[in-house]
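Read off the chains here:
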Amino acid sequence: ANGMFLAHDWSSYVGTRGSKPFVAALAAHRNPVRITPEMGGRVSEPVWVYFVPIAGTTWTAGLTMPEREVLADLRRTYYVDILLGLVALAGVSLIALVITRRLMAPLAVLSDRAEDVARGELDFALPNVRRRDEVGRLTRAFDQMRRQLAGHIDSAKQIAREQERMASELDIARQIQLALIPEPHWLAADGHVEVHAALRPASAVGGDLYTYFALGARHICVMVGDVSDKGIPAALFMARTITLARTLATHARSPSDILGSLNRELCKGNDTCMFVTLLCGVLETETGLLSLASAGHEQPVLHAGGSALLVDVETGPALGIDREARYPVRVLTLLGGDTVLMYTDGVSEAHADNQKLYGTHAILDSVARVQDGASTEAYIDQVLGDVDAYTAGAPAYDDIALLALTWHEHGVTEVPLDAVANS
C-alpha cells in the first residue's frame, strides 16, 4: 500500500519504490495505465500495467505488458487486412479491366463505323455480338439503322433520278408546248393587222394558251384561253384545244361557229370533266370589223382614243362542258390604231402576300397609260411590268397569257424582219 515492491520478476526491484507515474496511477485506481520512459517510468519501452487487488490484504498484484506485444496481434491483423485489401483491389481492377475491355472494344468499333456513316460509307461489317446486354442491343440497333439508312439512300437516289428524268421530260414537254404556240409577234401580209402575245406558265408546263392564224386572205383569227387545272393534264388539254381550234376554224368564219364546233369536239371522251375558257375573235383585215365570242372567258380591253374600256361580250359556258352550248357574237368596228387586249385570269387574279387581286380596274389603268401609236409589244410589256411590280416578286399563282391586236387602217410601212418571216 505504500508503493513498495514486495515481489518482482526482476529481484533488484524488490524493496524499492515504484516510479511516480506508477504510484500515482495506483493511488488513483486507474486500471490499466500506460507508462513510458519519457513519463519517468522505470521502463525501457512503453508498457501497459494492469492492477488486481489481493483480497484480505492491502497488497496489489500488477501485470506489466510491453505495448509492442499488446499491439502485435493488432498489427498482424492490420497487415493481413492490408494484404487482403490489396489482393481484393487487384482482383476488382482485373475484373473491371476485363469488363471495360469487353464493353469498350465493341464501342470503339461502333465509333469507327459511325464515322464511316458520317462519310457516307455504309458497306462495312460489324462484330458478331451474341450477348443480350446493352452493347449487344446497341450493336444490333446500329446495324439495323445502317441497313435502313442504306435503303433510304438508295430510295433517295432513285427518287432523284426519277425527278431528273421527270424534269427532263417536263422540259421537253415545255418545248413541245411552246412549239404549238406561234411566235410572239406577227404582222399580217397586208400590214393592216399587228399581233403581239406572251405566255408565262406558272410551272414547267401550263394550261393557258394563245394562238392566231389567217382565215383565207381577208380574215384573221385570234384566241386566248385558260384550261382548268394546272401542270401536265392542263398542258395536254391545251395542246388538244389548239390543234382542234386551228383545224376547225378553217371551215368557219364566225367565232360563234368556231367555239361551237370546238366545244362539241372537246366534250367527246372528256371523262375527266376538264374544260377551257376561251375568247375567240375574227378580224376582217380590210375593214377593221372584229367579231368576238366568249366561252366563259375574261372580257377584253379596248384601247381607243387614248382611253381604255372593257368590251362587254356576252359569254357562253366554258368549252368541254355542254355539247349544246351557244356562244353569242359581239361585233366591234376598229379604227386606225385601236388595240384590243385579250388576257387570262392569271393577270386579273395576280396577287402578292396581301392576297388582294390585281383586278380589272388595274388592267384598264395599265392599258390607258400606253401612249397612242405605241406598238402592240408596248401593251404587253406595260401590263406584265405592272403585274410584276404589284406581286413584288412573289411566285406566280397562275399561268398568264396575253395577246394584243392592233388594226392599222392604212397598213404599216415598216415591217419588222421577224414579222415578215412569220406572216
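In case you missed it, the structure is sitting above this.
Quick summary incoming for the structure in this document.

What counts, and where the lines are drawn
- Residues numbered from 1 in each chain as written.
- Predicted model: local features only at pLDDT ≥ 70, side-chain atom pairs only at ≥ 80, totals over all residues.
- Heavy atoms only, no water.
- Helix = DSSP H or I, 4+ residues; strand = E, 2+ residues; numbered from the N terminus.
- Rg over C-alpha atoms; globule rule 2.2 N^0.38 Å.
- Contact = heavy atoms within 4.5 Å.
- Areas by Shrake-Rupley, 256 points an atom, 1.4 Å probe, with all protein chains shown as cover.
- Lys, Arg positive; Asp, Glu negative; His and termini not counted.
- Charge placed at Lys NZ, Arg CZ, Asp CG, Glu CD.
- Buried < 20%, exposed > 50% of the residue type's maximum accessible area, 1.4 Å probe, protein only.
- Salt bridge = Lys/Arg side-chain N within 4 Å of Asp/Glu carboxyl O.
- Pairing = 2+ DSSP bridges.

What follows deals with the overall build of the protein. A count of helical and extended segments in the protein gives 10 helices and 15 strands. Relative to a compact globule of 423 residues, whose C-alpha radius of gyration would be 22 Å, the protein shows 55 Å and is clearly more extended. Along the longest, intermediate and shortest principal axes, the C-alpha atoms of the protein span 165 × 50 × 45 Å. When contacts within the protein are restricted to residue pairs at least 6 apart in sequence, those whose partners lie at least 24 apart make up 61%. On the protein, roughly 23800 Å² of surface is accessible, and the fraction owed to carbon and sulfur atoms is 57%. Side chains of the protein give 36 positive and 51 negative charges; the mean places of these two sets differ by 22 Å.

Here we take up unusual backbone geometry. The linkage connecting asparagine 31 with the following residue, proline 32, adopts the cis geometry, with an omega of -5°. Tracing the backbone through its elements, the reader meets proline 32 in the loop between α1 (20-27) and β1 (33-35). A positive phi angle, near 60°, is found at histidine 29, a position not held by glycine. Along the chain, histidine 29 turns up in the loop between α1 and β1. When its relative accessible area of 70% is taken as the criterion, histidine 29 is described as exposed.

A few words on the pattern of salt bridges. On inspection of all chains with the given rule, the structure shows 11 salt bridges. Among the ionic pairs, arginine 218 bridges to glutamate 284, the shortest N-O distance being 2.8 Å. One end of the pair, arginine 218, is in the loop between β6 (208-215) and β7 (219-227); the other, glutamate 284, is in strand β8 (residues 276-284), and 66 residues separate them in sequence. Here glutamate 284 falls in the buried class, since its relative accessible area comes to 16%. As a salt-bridge pair, arginine 218 and glutamate 286 come within 3.7 Å of each other at their nearest N and O atoms. You can see arginine 218 sitting in the loop between β6 and β7 and its partner glutamate 286 sitting in the loop between β8 and β9 (289-295), a full 68 residues away along the chain. The exposure class of arginine 218 is partly exposed, given its relative accessible area of 39%.

Position of serine 291 among the secondary structure elements: in strand β9. In contact with serine 291, not counting residues within four places along its chain, are Pro255, Cys280, Gly281, Val282, Val329, Arg330 and Val331.

Summarising burial for β7: 8 of the 9 residues are buried, a large majority. Note that β6 and β7 share 8 bridges and pair antiparallel. Within the sheet, the bridge partner assigned to threonine 211 lies in β7 and is methionine 223. Remark: 3 residues form the turn of the hairpin made by β6 and β7, two consecutive strands paired antiparallel; glycine 216 in that turn has positive phi of roughly 75°. Both β7 and β8 contribute to a ladder of 9 bridges, which runs antiparallel. Bridge pairing in β8 places methionine 223 opposite cysteine 280.

Geometric values such as these leave the question of function open.
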